[in-house]
Amino acid sequence: MKLEPRKLVTIIILDSLEKDVIDDIKALGVKGYTISTAQGEGLNHTRDNQWEGVNRKIETIVREETAQKIIELMSKKYFEKYGAIAFLSDVYVLRKEKF
Amino acid sequence: MDIIHELTRTFANPLVLAFILGVFASIIGSSLKFPEGLYVGLTIYLLFAIGLKGGVKLSNISFLDILPSVILSITFCVLSPIWCYWILRKFGKLSVADSAAIAAHYGCVSAVTFSACLSYLENRNIEYEGYMPALLAIMEVPAILVALYIAGRKNAQTNSSMKKIIHELLTGKGSILLLGGIFIGLVSGKEGYEKISPFFDAPFTGVLTLFLLDAGIIAGKKLFDVWKSGVFLFSFSILIPIFHGTLGILSAKLIGLSSGGAVVFGTLAASASYIAAPSAVRIALPEANPSYYLTMALAITFPFNVTLGIPIYYQISSLVYGG
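This structure is a prediction, so every number in the text was calculated from the model and none was measured.

1. A short note on the overall build of chain B
Phase 1 of the analysis: Within chain B, the secondary structure is distributed over 15 helices and zero strands.
Phase 2 of the analysis: Relative to the 2.2 N^0.38 estimate, which gives 20 Å for 323 residues, the radius of gyration of chain B is 19 Å and therefore close to what a compact globule would have.
Phase 3 of the analysis: With 323 residues in all, chain B has 57% of them scored as buried.
Phase 4 of the analysis: In chain B, of all internal contacts separated by at least 6 residues, the share reaching a separation of at least 24 is 87%.
Phase 5 of the analysis: One finds the centroid of the 20 positive side-chain charges in chain B at a distance of 10 Å from the centroid of its 16 negative side-chain charges.

2. Regarding the interface of chain A and chain B
Phase 1 of the analysis: Every contact between the two is made by 19 residues of chain A and, on the other side, 20 residues of chain B.
Phase 2 of the analysis: Contact with chain B buries surface across chain A, with A:Q50, A:W51 and A:K81 losing the most and accounting together for 46% of the total.
Phase 3 of the analysis: Where chain A touches chain B, the interface holds one salt bridge.
Phase 4 of the analysis: The partner of B:E36 in a salt bridge is A:R56, with the nearest N and O atoms 3.9 Å apart.
Phase 5 of the analysis: Where chain A packs against chain B, one counts one residue pair in polar contact (both at pLDDT 80 or more).
Phase 6 of the analysis: Class assignment for the residues of the side of chain A that touches chain B results in five nonpolar, seven polar and seven charged.

3. So, the sheet that holds strand β1 (residues 4-14) of chain A
All names here are of chain A.
Phase 1 of the analysis: Taken in spatial order, the four strands line up as β2-β5-β1-β6 in an open sheet, and their pairing is antiparallel. Each having just a single partner strand, β2 (34-38) and β6 (84-93) make up the two edges of the open sheet. Looking at each pair of strands side by side, their axes are set apart by 20° on average, direction ignored.
Phase 2 of the analysis: The pairing of β2 with strand β5 (residues 55-62) spans five bridges and is classified as antiparallel. Along β5, the bridge assignment pairs A38 with N55.

4. Describing the side chain of B:N305
Phase 1 of the analysis: The topology assignment puts B:N305 in helix α15 (residues 290-320).
Phase 2 of the analysis: Residues in contact with B:N305, not counting those within four places in the same chain, are B:T113, B:P241, B:A270, B:S271, B:I310 and B:Y313.

5. Thoughts on the packing of helix α3 (residues 36-58) of chain B against helix α11 (residues 204-221) of chain B
Each pair of packed helices can be summarised by the angle the axes make with each other and by the distance between the axes.
Residues and elements named next belong to chain B.
Phase 1 of the analysis: For the pair α3 and α11, the least separation of the axes is 10 Å and the interaxial angle reads 140°. Here α3 is positioned oblique relative to α11, judged by the angle of their axes. In the crossing of α3 with α11, the sense of the turn from one axis to the other is left-handed. Residue-level contacts link Y39, L42, T43, Y45, L46, A49, I50 and K53 of α3 to F204, V207, L208, L210, F211 and D214 of α11.
Phase 2 of the analysis: Partitioned by chemical class, the residues of the contact of α3 with α11 number 11 nonpolar, one polar and two charged.

6. Quick look at the confidence of the model for chain A
Phase 1 of the analysis: In the predicted model, chain A carries a mean pLDDT of 87, and the fraction of residues at 70 or more is 94%.
Phase 2 of the analysis: Strand β4 (residues 46-47) of chain A is the least confidently modelled element of chain A, averaging 67 in pLDDT, while β5(A) averages 94, the highest of any element.

7. Description of unusual backbone geometry
Phase 1 of the analysis: The phi angle at A:R95 is positive, at roughly 55°, despite the residue not being glycine.
Phase 2 of the analysis: Mapped onto the fold, A:R95 is located in the segment after β6.
Phase 3 of the analysis: Given a relative accessible area of 52%, A:R95 falls into the exposed group.
Phase 4 of the analysis: One non-glycine residue with positive phi stands out, namely B:K93, at about 55°.
Phase 5 of the analysis: By the secondary structure assignment, B:K93 is in the loop between α4 (63-90) and α5 (96-107).

8. A short note on the packing of aromatic side chains
Phase 1 of the analysis: On inspection of all chains with the given rule, the structure shows 15 aromatic pairs over all chains.
Phase 2 of the analysis: Centre to centre, the rings of A:Y78 and A:Y82 are 6.3 Å apart; their planes meet at 45°, and the pair counts as tilted. Of the two residues, A:Y78 and A:Y82, neither departs from the other in class, the shared state being buried.
Phase 3 of the analysis: When the ring centre of B:Y321 is taken as reference, the NZ or CZ atom of B:K253 above it lies at 5.0 Å.

9. Looking at the pairing of β5(A)
Phase 1 of the analysis: Note that β1(A) and β5(A) share eight bridges and pair antiparallel. Bridging across to β5(A), A:T10 finds its partner in A:E59.

10. Things to note about the packing of helix α12 (residues 223-254) of chain B against α15(B)
Residues and elements named next belong to chain B.
Phase 1 of the analysis: Orientation of α12 relative to α15, taken along the N-to-C sense of each, is 35°, at an axis distance of 8 Å. Crossing geometry of α12 relative to α15 is assigned as right-handed.
Phase 2 of the analysis: Residues belonging to the contact of α12 with α15 are distributed by class as follows: 17 nonpolar, nine polar and two charged.

11. Looking at the nonpolar core
Phase 1 of the analysis: One finds B:I102, B:I144, B:L285 and B:F302 to be the most contacted residues of the largest nonpolar core, which totals 116 residues.
Phase 2 of the analysis: If one sorts the elements of this core by residue count, α15(B) sits on top with 13 residues.
Phase 3 of the analysis: In terms of nonpolar packing, the next biggest core, distinct from the first, is built from 19 residues, A:I58, A:Y78, A:A84 and B:I283 among them.

12. With respect to the pattern of salt bridges
All names here are of chain A.
Phase 1 of the analysis: Going through the model one piece at a time under the given rule, you end up with six salt bridges over all chains.
Phase 2 of the analysis: For the salt bridge of E4 with K2, the shortest nitrogen-to-oxygen distance reads 3.6 Å.
Phase 3 of the analysis: Of the residues examined, K2 reaches a relative accessible area of 64% and is grouped as exposed.
Phase 4 of the analysis: With a shortest N-O distance of 2.8 Å, D24 and K77 are connected by a salt bridge. Taken together, the residues span a long stretch of sequence, with D24 in helix α1 (residues 18-27) and K77 in helix α2 (residues 64-79) at a distance of 53 residues.

Definitions and cut-offs
Residues numbered from 1 in each chain as written. Chains lettered and ligands numbered in written order. Predicted model: local features only at pLDDT ≥ 70, side-chain atom pairs only at ≥ 80, totals over all residues. Heavy atoms only, no water. Helix = DSSP H or I, 4+ residues; strand = E, 2+ residues; numbered from the N terminus. Rg over C-alpha atoms; globule rule 2.2 N^0.38 Å. Buried < 20%, exposed > 50% of the residue type's maximum accessible area, 1.4 Å probe, protein only. Contact = heavy atoms within 4.5 Å. Lys, Arg positive; Asp, Glu negative; His and termini not counted. Charge placed at Lys NZ, Arg CZ, Asp CG, Glu CD. Buried area = accessible area lost by both parts, 1.4 Å probe. Salt bridge = Lys/Arg side-chain N within 4 Å of Asp/Glu carboxyl O. Polar contact = N/O pair within 3.5 Å; in protein donor to acceptor, adjacent residues only side chain to side chain. Nonpolar A, V, L, I, M, F, W, Y, C, P; charged D, E, K, R; others polar. Pairing = 2+ DSSP bridges. Axes fitted to C-alpha atoms, helices over the stretch in contact; angles between N-to-C directions. Parallel < 35°, antiparallel > 145°, perpendicular 65-115°, else oblique. Left-handed = near helix turned anticlockwise from the far one by under 90°. pLDDT = per-residue confidence, 0-100. Phe/Tyr/Trp six-rings, centres within 6.5 Å; stacked < 30°, edge-to-face > 60°. Lys NZ or Arg CZ within 6 Å of the ring centre and 35° of its normal. Core = buried A, V, L, I, M, F, W, Y, C linked by side-chain atoms within 4.5 Å.

Here it is as structure tokens:
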């Protein structure tokens, strides 16, 4: 069985921006993603309760070109104004047509 | 009026004590924390129950009877963010975004402060107009729009289009549950409501108590921020509610509300939002500093209103109504 390389994009952002980010990455051709609730502390703010809002971690596995586009979009639209981070990592998948 | 007796009565109340317990737990570094789902569950229950009960009471009132209150509520919510913004800019020397963000919170209302006020009045067997939850729902939206409009005009970087923000506010959890609850209560009336009332009536104050415990935990965590907020913002968070409360009570008398209704309206006017406004402001005014607006609304104004504010508004109303 041959494993194919892909990029895992991880985005961590305010829960209130979850919908915006999902719409944006779908427009870039993302077919699937996983969302989980995340909490933590960063330069911006501690985000660990519902009152102040928590974070969402959005993960999606894509081709390298798409991954680049997502990072560019995040940098242009979200990084400056909101507490947000995004990063890439290498992963290997079966069934490459899914990603 | 025996002030000490009145104060004991205020503080010997499970709602207030639960809040204080939360603050205490937070200060001593307790691991007590509400899971996310519980917080969401409690807010859904509270907002829906407030809406339902309001709707049932609304079912035997004609629209013309509530029209003056509706107009008063909207007028208040349109004007109050304007003077709040002006005060914050002129005397507080805050940035456009911060001033607008805080103005949005103080023109908007808090459903939990509202519920605490109703339970205060019910404890004392004081009557008030049943349609107050409808006013609560109406007062959720206008101030946020006005404040964001001011910020937009002053060239603060607002991020979303007005259309998107209005959509966000009207489709948000608060609006759907409150307005939906009012609608269901209105259509099903007293008879229909009786079937579900055991679930929404008896446990209500208990659920509110749990919610206040959680509010206390968060407020306790923000105590340090309160210290850092400075004299101006601290005074603003206490004096503006008293000013808004008094104004609310006077104008309520003017349009002929009962004295109990005036306390409720005064409390609505005095309260600051910490559910609807922060989530709108976080998106629309990202450059505004949350440690100002959240600390003020949640850690200063909210506890003030629940402990001292409501009894003060009650006293003011008694004075105004000569009772």
